[in-house]
Amino acid sequence: MIGNSHIDPVWLWPWQEGYAEARATFRSAIDRMEEYPDFVFTCDQVVLLDWVREQDPELFARIRERAAEGRWVNTGGWWVEPDCNLPLGESFVRQGLYGQRFLLEHFGEAATVGMNVDPFGHHAMIPAILRGQGMDSYTFLRPGPHEAGDLPDAPFRWVAPDGSWVLACRIPFEYCSTEGDLAYQIDKSLAQLDRTVDPLMIFYGVGNHGGGPTRANLDSIARYQHRGTYGELMLSSPVAFFEAVRAGAHEEELELPRWEGDLQHHAAGCYSAHSGIKAWQVRAQHAVLTAERWAVIADVLGRRSNPSLADPRVDLTRAWQQVLFNQFHDVLPGSAIEAAYADARDQLGEAISIAHRITARAHGAIARNIEVPFQEGTQPVLVLNPHPWAVRTTVDMNYGMDAAFRGGVLDADGHEVPSQTTRSAASMEHPGRGAVAFTAEVPAAGYALFRLVPERTVPSTSLTSSGTSLENDHLRAEVDPETGWLGSLLDKGRGIDLLSGSSGGHLQVCADDSDTWGHHVVTYALPGEELGVERVELGESGPVRASIRVLRRWRSSTVVEEFVLHADGTALEARVEIDWREPMTVLKLRLPVALTGPAATYEIPFATMARPVDGAEEPAQSWVDLSGTTAAGRAAGLTVITTAKHGFDTSPADSPSPGFSPSIGITALRSPAYAWNDPRPLDAESDVGVHDQGRQAFRYLLVPHDGDWRHASATRRAAELRQPVRAMTESAHDGILPPRASFASDGGGAAMITALKGSEGPVGGSGDGSSADGEGGDVIVRAVETQGVRTSAVLDLDLVGRRLRVDLEPYQIRTFRVPRSPRRRVREVDLVERDLDGAPAVRSRRIASAPTW
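Keep in mind it's a predicted model, so treat the numbers as computed, not measured.

What follows covers the pattern of salt bridges. On inspection of all chains with the given rule, the structure shows 55 salt bridges. Linking Arg535 and Glu537 is a salt bridge whose minimum nitrogen-to-oxygen distance equals 3.0 Å. Arg535 gets classed as partly exposed once you look at its relative accessible area, which sits at 40%. For Glu537, a relative accessible area of 27% gives the class partly exposed. Through salt bridges that share partners, Asp31, Glu34, Arg62, Arg66 and Glu69 make up one connected network.

This is the structure:
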């Protein structure tokens, strides 16, 4: 019998109410321990402990005392119970980094059992992440037996795509109970369990808005124990339960059931509810990850030059905590009250502001130390690339310089690069202010110097455009003026056109009578009404990029879709601006392809997953791929990458309507009422708030390829789309850094650096992260295999003059602590940044390091 209180810090109430409820619930639990000497309380969500610590130090001290006795049991190990599908893989790492380190600092031990009782599905790499954070077990509620009936009713081995596994167990019936007698709770739970298994685990305690186990709960357990009604009832914890399961399985030589893949589905509408929180989260996550990278680069190169600067980790911790808190499973999925999203916007805005300040400070320190010679009539521009691989991209920037500027741009070697003037961010005219786009090649996790010059000769490119077509050396796109959709997208080099010959609508709207969560919804791939085309027109046209704009209207709403082709682009970009005024609707972007035998692949955190082509609504990180066979018998496919959309379907031929080709569907928006749970009827007379009313914007890429999804480099393209390079104007000055430099590179292959950061300080120590030799904190580098293949990678860390040779199994996550001093060895660490016992030696050698200032 697991006494607990699931607390939603935000849901049908604001966070301030959850803040107070955590203290009240924990005090109640401590008081019950005084009254019932055998009572054990299970706590998860570390943020709640942190809240109590800062509000009521006396209560927190009592909690620590009970934990030392073994009667207060901390599980979960994560900052909150997050949505377990949508955040980046690195966010799941940070949930445990900050959660487990808090437990280590204040309780002396980390959690060993992962616990997410309330989220609406669980991605397949969670076992690998849990293992990396020191947890070997996992308990959860959803999906329930009616949603995933083939899941075992007893403990099972949950195996991740990389082969890692944890012992997992689904909570029967409910994680919380009423405040009274528990006979109903126990009866309902036992009805879902395999009674031949021993032991069994049943949760009780008032929850959601807190409360915890009551006297009536505990008295009823004692009463039924005395009567022998249900066998032996033990007041216990998930930790003790899983220990007993392991011991029993070992003694009886039992082979526990095995489950591979994710744990889905529940509340499919949450993949797309409230577009705003999804977009804010994507922006915040990438901003903080970027700030981490630049902070450690600037710190290593210039630590001693300005000792008055504060340690950026303090600010980064605050930023991450705001990001992690707003991944809570009633915030990020869109299921909270409307007021909660004003708070979420402000909190994520704080995180983004912190990240941008750290990034700007680091960029300024780096820029100040670059040699920038004075050249009359030119404006130096520094372009900084946050990605640990080299990029060739289009840079957009607003500038201020002599009014005679005509858009010329030179690279560091004095060679002119393609450029074109663009629309300024300001509506008013101001002498010398304007905007330019130019093509830039920037080293991995590094920078390159360019110059704006008065004149340009317009270097020739292959990019051409008309009112209905765009073409470069790689692609030719043709827009049908009647439908506003692509009639053709020809991959010229491969001779593949996956859109020519396909059929079906593109932008379709249909009524959506599902509740906020989308309970009982399997698919939103429904027959709908096509948005009418008002206008198709040429947008930009220049040597860097060209575009075609399509304006559509439906009732009081408009959708503008701008197809953009860059001069050397191998993907077609689409920029979507929506002004939506329709409640209780769902808007789908459908992308039909001329393929037979299609197979679907979805990106999940740190991995990919094959899913059926059956029209079901599915979650994805940033991309979905549909590959199959062309009419000519060639293996080919189309990958779709989005900036901030997570709800997708892959539908077979004749779905959602007869005559449709196989297709990828993007759920662009849903507009249900806020926090409305079916079957409660909506009051037709009430003025309820509705999701996704007004303006929003997002982008997506269409990437045609031959072979399978691995040929699209989708994960790297997604990172570049979501977090572009940054351009900044710079002055002329002396410096010790060259005009181009790279600080870290993963080579651009299957192995990808996902984290480059300063190490955390010692748990319970000063937190300054200083190495033993006084040269500052170490550098943490995390590499992940992204294509499901065994690979070897070379990680060049010019930042500290090290080259690592790393072997990775499919989807394996490996983390390394790299000292700044060459006298100290590189060590492999876990996801909480603790040394791995028995880890093999890391192969590394010294290389030339970047100059320090």
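Further remarks concern the sheet that holds strand β33 (residues 647–651). Taking strand neighbours across the sheet as the criterion, the six strands line up as β22-β21-β27-β34-β33-β30 in an open arrangement whose pairing is antiparallel. Of all the strands in the sheet, just β22 (529–530) and β30 (618–619) have a single pairing partner and so form its edges. Pairing of β33 with strand β34 (residues 663–670) involves four bridges; the strand directions are antiparallel. Bridging from a neighbouring strand, Phe648 pairs with Ile666 of β34.

Of the voids in this model, the second largest pocket is the one considered here, and its volume is about 1000 Å³. Taken together, 47 residues line the second largest pocket, and the ones lying closest to its centre are His146, Glu147, His265, His266 and Ala267. Residue contributions to the lining of the second largest pocket peak at three residues, all from strand β29 (residues 607–611). Class assignment of the residues belonging to the lining of the second largest pocket gives a composition of 22 nonpolar, 11 polar and 14 charged.

Time to look at empty space enclosed by the protein. A full pass over the atoms with the stated rule returns nine cavities of 30 Å³ or more. If you go around the largest cavity, you meet 28 residues; those closest to its centre are Leu88, Glu603, Thr715, Met752 and Thr754. The residue makeup of the lining of the largest cavity, split by class, is 13 nonpolar, 11 polar and four charged. In terms of lining residues, the second largest cavity is bounded by 14 residues, among which Ser5, His6, Thr42, Cys43 and Asp44 are the most central. Looking at the lining of the second largest cavity element by element, the count peaks at three residues for strand β2 (residues 41–43). In terms of residue class, the lining of the second largest cavity is made up of seven nonpolar, five polar and two charged.

This next bit is on the sheet that holds strand β42 (residues 813–818). Across the sheet, which stays open at both edges, the four strands sit in the order β38-β39-β42-β43 with antiparallel pairing between neighbours. Since the sheet does not close on itself, it has two edges, and those belong to β38 (751–758) and β43 (827–829), each with one partner. The mean angle between the axes of side-by-side strands here comes to 30°, regardless of whether they run parallel or antiparallel. Where β42 and β43 come together, three bridges link them in antiparallel fashion. By the bridge assignment for β43, Thr815 is matched with Val829. Against the sheet, helix α4 (residues 89–107) makes contact with β38 and β39 (779–785), and its axis sits at roughly 40° relative to β38, the strand it touches most.

So, on to helix α9 (residues 275–302). The terminal C-alpha atoms of α9 lie 40 Å apart, and with 28 residues this matches the ideal 40 Å at 1.5 Å per residue to within 8%. Along α9, 25 of the 28 residues are buried, which leaves the element largely enclosed by surrounding structure.

This brings us to the packing of aromatic side chains. According to the stated counting rule, one finds 26 aromatic pairs in the structure shown. Here Trp11 and Trp13 contribute two aromatic rings whose centre-to-centre distance is 5.8 Å and whose plane-to-plane angle is 75°, an arrangement assigned as edge-to-face. Under the relative-accessibility criterion, Trp11 is labelled buried at 16%. Judged by relative accessible area, Trp13 falls into the buried class, the value being 9%. Considering the side-chain rings of Phe173 and Tyr184, the 5.8 Å spacing of their centres and the 80° angle between planes classify their relative orientation as edge-to-face. One end of the pair, Phe173, is in the loop between β7 (165–170) and α6 (183–192); the other, Tyr184, is in helix α6, with 11 residues separating them in the sequence.

Here we come to the pairing of strand β6 (residues 156–159). Within a regular strand, the side chains alternate between the two sheet faces. Pairing geometry for β6 and β7, over four bridges, is antiparallel. If you follow Phe156 over to β7, its bridge partner there is Ala168. The antiparallel hairpin formed by β6 and β7 contains five residues in its connecting segment, where Gly163 sits at a positive phi of about 95°. With three bridges joining them, β6 and strand β9 (residues 258–260) adopt parallel strand pairing. Residue pairing in the sheet places Trp158 in a bridge with Trp259 of β9.

Another point: the packing of helix α2 (residues 46–55) against helix α3 (residues 57–69). Orientation of α2 relative to α3, taken along the N-to-C sense of each, is 130°, at an axis distance of 5 Å. In terms of axis orientation, α2 runs oblique to α3. Only Pro57, Leu59, Phe60 and Ile63 of α3 make contact with α2, whose side of the interface consists of Leu49, Val52, Arg53 and Gln55. Looking at side-chain class alone, the contact of α2 with α3 contains six nonpolar, one polar and one charged residues.

With that settled, the discussion passes to the side chain of Glu90. Along the chain, Glu90 falls in helix α4. Residue classification places Glu90 among the buried residues on the basis of a relative accessible area of 3%. Aside from chain neighbours lying at most four places away, what touches Glu90 is Leu289, Phe606, Thr754, Ala755 and Arg782.

Bringing the confidence of the model for the chain into the picture now. Summarising the model, the chain shows a mean pLDDT of 94, and 97% of its residues fall at 70 or more. Within the model, pLDDT remains below 50 along residues 765–774, and this stretch shows 22 contacts once partners closer than five positions in the same chain are excluded.

The residue Arg258 is located in strand β9 in this model. Accessibility expressed as a relative area gives 54% for Arg258, which makes it exposed. In the structure, Arg258 is positioned 155 residues away from Asp413 in sequence and 59 Å away in space, judged by C-alpha atoms. Not counting chain neighbours up to four residues away, the residues in contact with Arg258 comprise Arg157 and Val159.

What follows deals with unusual backbone geometry. Most peptide bonds adopt trans geometry, and most residues besides glycine take a negative phi value. Cis geometry marks the peptide bond from Asp198 to Pro199; its omega dihedral reads 5°. Omega for the peptide link from Gln264 to His265 comes to 0°, which places this bond in the cis form. If you check the backbone angles, Ala267 has positive phi at about 60° while not being a glycine. Relative to the assigned elements, Ala267 resides in the loop between β9 and α9. Of note in this structure, Ser713 is not a glycine but carries a positive phi near 50°. Within the fold, Ser713 resides in the loop between β35 (694–706) and α12 (714–722).

About the cut-offs
Residues numbered from 1 in each chain as written. Predicted model: local features only at pLDDT ≥ 70, side-chain atom pairs only at ≥ 80, totals over all residues. Heavy atoms only, no water. Salt bridge = Lys/Arg side-chain N within 4 Å of Asp/Glu carboxyl O. Buried < 20%, exposed > 50% of the residue type's maximum accessible area, 1.4 Å probe, protein only. Pairing = 2+ DSSP bridges. Helix = DSSP H or I, 4+ residues; strand = E, 2+ residues; numbered from the N terminus. 1 Å grid on protein atoms, 1.4 Å probe; cavity = no way out; pocket = protein on both sides within 12 Å on 5 of 7 lines; lining within 4 Å. Points joined across faces, edges and corners; volume = space filled by probe spheres on them. Nonpolar A, V, L, I, M, F, W, Y, C, P; charged D, E, K, R; others polar. Axes fitted to C-alpha atoms, helices over the stretch in contact; angles between N-to-C directions. Contact = heavy atoms within 4.5 Å. Expected span 1.5 Å × (residues − 1). Phe/Tyr/Trp six-rings, centres within 6.5 Å; stacked < 30°, edge-to-face > 60°. Parallel < 35°, antiparallel > 145°, perpendicular 65-115°, else oblique. pLDDT = per-residue confidence, 0-100.

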